[in-house]
Amino acid sequence: MPGAVISNSTRIWDINVHWSLYSQCGTWDPRGRGVDVWECIEAHYSTTGTAPPNPMYWRYIGRR
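A brief look at the structure comes next. Per chain, residues are indexed from 1 in the order of the written sequence. Owing to the predicted nature of the model, reporting of local features is limited to residues with pLDDT of at least 70; listing and counting of side-chain atom pairs is limited to 80 or more, with chain, interface and lining totals taken over all residues. In computing side-chain properties, one takes all heavy atoms of the structure into account and sets aside hydrogens as well as water.

1. A closer look at the pairing of strand β3 (residues 24-29)
Two strands are said to pair when DSSP picks up at least two bridges between them. Secondary structure elements are defined from DSSP: runs of H or I of at least 4 residues count as helices, runs of E of at least 2 residues count as strands, and each element is numbered from the N terminus. For strand β1 (residues 11-12) and β3, the ladder comprises 2 bridges, and the chain directions are parallel. For Arg-11, the partnering residue across the bridge sits in β3 and is Cys-25. Bridge analysis of β3 against strand β4 (residues 34-40) gives 6 bridges, and the strand direction is antiparallel. Bridge assignment links Thr-27 to a residue of β4, and that residue is Asp-36. Taking the residues that link successive antiparallel strands as the turn, the β3-β4 hairpin has 4 residues, and the phi of Arg-33 there is positive, at about 50°.

Here you go:
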């Protein structure tokens, strides 16, 4: 299975947003000083409980 390609315009994760299957989001990692990129594995509306790195909704794909 080929790996996911990180989009050039990855949206920052935010609350109250609909995330469709395979959409990507980015989260800031202050310790690593970079952006972690996640891929949605189940379509959902974001809440505090569905934020990455929740494995029920997101799959880690890389860092920018």
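Anyway, onward from the coordinates.
2. Let's talk about the packing of aromatic side chains
In this analysis, rings of Phe, Tyr and Trp, with Trp reduced to its six-membered ring, are considered paired at centre separations within 6.5 Å, and the interplanar angle assigns stacked below 30 degrees, edge-to-face beyond 60, and tilted for intermediate values. Here the structure, examined in full by the defined rule, presents 2 aromatic pairs. Ring plane angle 75° and centroid distance 5.4 Å describe the contact between Trp-19 and Trp-58, whose orientation is recorded as edge-to-face. Separated by 39 residues along the polypeptide, Trp-19 in strand β2 (residues 18-19) and Trp-58 in strand β6 (residues 58-63) bring together distant segments of the chain. Between Trp-38 and Tyr-60, the aromatic rings sit 5.1 Å apart at their centres with planes inclined by 75°, giving edge-to-face as the arrangement. Residue Trp-38 is located in strand β4, and its partner Tyr-60 is located in strand β6; the two are separated by 22 residues in the primary sequence. The rule is simple: take the accessible area with a 1.4 Å probe, protein chains only, and divide by the maximum for that residue type; under 20% is buried, over 50% is exposed, in between is partly exposed. Residue class for Trp-38 comes out buried when judged on its relative accessible area of 11%. We call a charge positioned above a ring when the Lys NZ or Arg CZ atom is no farther than 6 Å from the ring centre and deviates by at most 35 degrees from the ring normal. Cation over ring: Arg-11 sits above Trp-19, and NZ or CZ is 5.7 Å from the ring centre.

Nothing here speaks to function; it is all geometry.
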